[in-house]
Amino acid sequence: MEDTLLQFEAALFESGHLLEAELTPDLYVSGDRGKLKRLLEILLDNARKYAAQNSDVQVFLAPEGAKRVRLEVRNQGEPIPPDQLERIFERFYRADQARTSEGFGLGLPIARTIAQEHGGKIWAASNDAEGTRFFVSLPRAKAPAAEPRGALTAE
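Because the structure is predicted, anything quoted here is derived from the model rather than measured.

Take the confidence of the model for the protein next. The predicted model of the protein has a mean per-residue pLDDT of 87, with 85% of residues at 70 or higher. Low confidence marks residues 97-101, where pLDDT is under 50. Its contacts with residues over four positions away, or in another chain, come to six contacts.

Another aspect to go through is the pairing of strand β5 (residues 121-127). Of the strand pairs in this sheet, β5 and strand β6 (residues 131-139) are connected by seven bridges, and their pairing is antiparallel. Following the sheet pairing, Trp-123 is matched in β6 by Phe-135. Counted along the chain from β5 to the antiparallel partner β6, the turn is three residues long.

Of all nine residues that make up β6, eight are buried, and the element is covered over most of its length. Of the strand pairs in this sheet, strand β4 (residues 68-75) and β6 are connected by eight bridges, and their pairing is antiparallel. Looking across to β6, one finds that Arg-70 is bridged to Ser-137.

Before going further, it helps to spend a moment on unusual backbone geometry. A negative phi angle is the norm for most residues apart from glycine, just as the trans form is the norm for most peptide bonds. Of note, Asp-26 is a non-glycine position whose phi angle comes to about 60°, a positive value. Topologically, Asp-26 is positioned in the loop between β1 (18-23) and β2 (28-30). Given the relative accessible area of 48%, Asp-26 is considered partly exposed. Positive phi is not limited to glycine here, since Asn-54 has a value of about 60°. In this fold, Asn-54 is placed in the loop between α2 (33-50) and β3 (56-64). The class of Asn-54 is exposed, set by a relative accessible area of 63%.

Thresholds applied
Residues numbered from 1 in each chain as written. Predicted model: local features only at pLDDT ≥ 70, side-chain atom pairs only at ≥ 80, totals over all residues. Heavy atoms only, no water. pLDDT = per-residue confidence, 0-100. Contact = heavy atoms within 4.5 Å. Pairing = 2+ DSSP bridges. Helix = DSSP H or I, 4+ residues; strand = E, 2+ residues; numbered from the N terminus. Buried < 20%, exposed > 50% of the residue type's maximum accessible area, 1.4 Å probe, protein only.

Take a look at the structure:
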């Protein structure tokens, strides 16, 4: 996870955003390392695209009870209307066609598939006060997974 955050830090900075991360250490998720990395990349890229200029992108990784891990990626920008929060995970759906010409509406559906493949779920919340927040809840592993599958970890 930290490697992916480091890779995105420069891209976010070039887009006028700072990356803030609060990662609880020693949290592990077993699964396909490449897919879990892709999930985080999708959420970070989405936050970069829709964050208000000169705002921060925030990432949190924390335990969710004893058996799960929760990832949150947050940006401050134009809120997603409540009636569209579920639809943004549909293939080719774009909440506001005029907001950006980037992408094809496939990133969030791919992220949902990756979360589901790993026994997890993904959802979003959005309002003026807290910004747009994407949450991923995944089963917690007790120790790092052996290669080649890998693990999502904050060490």
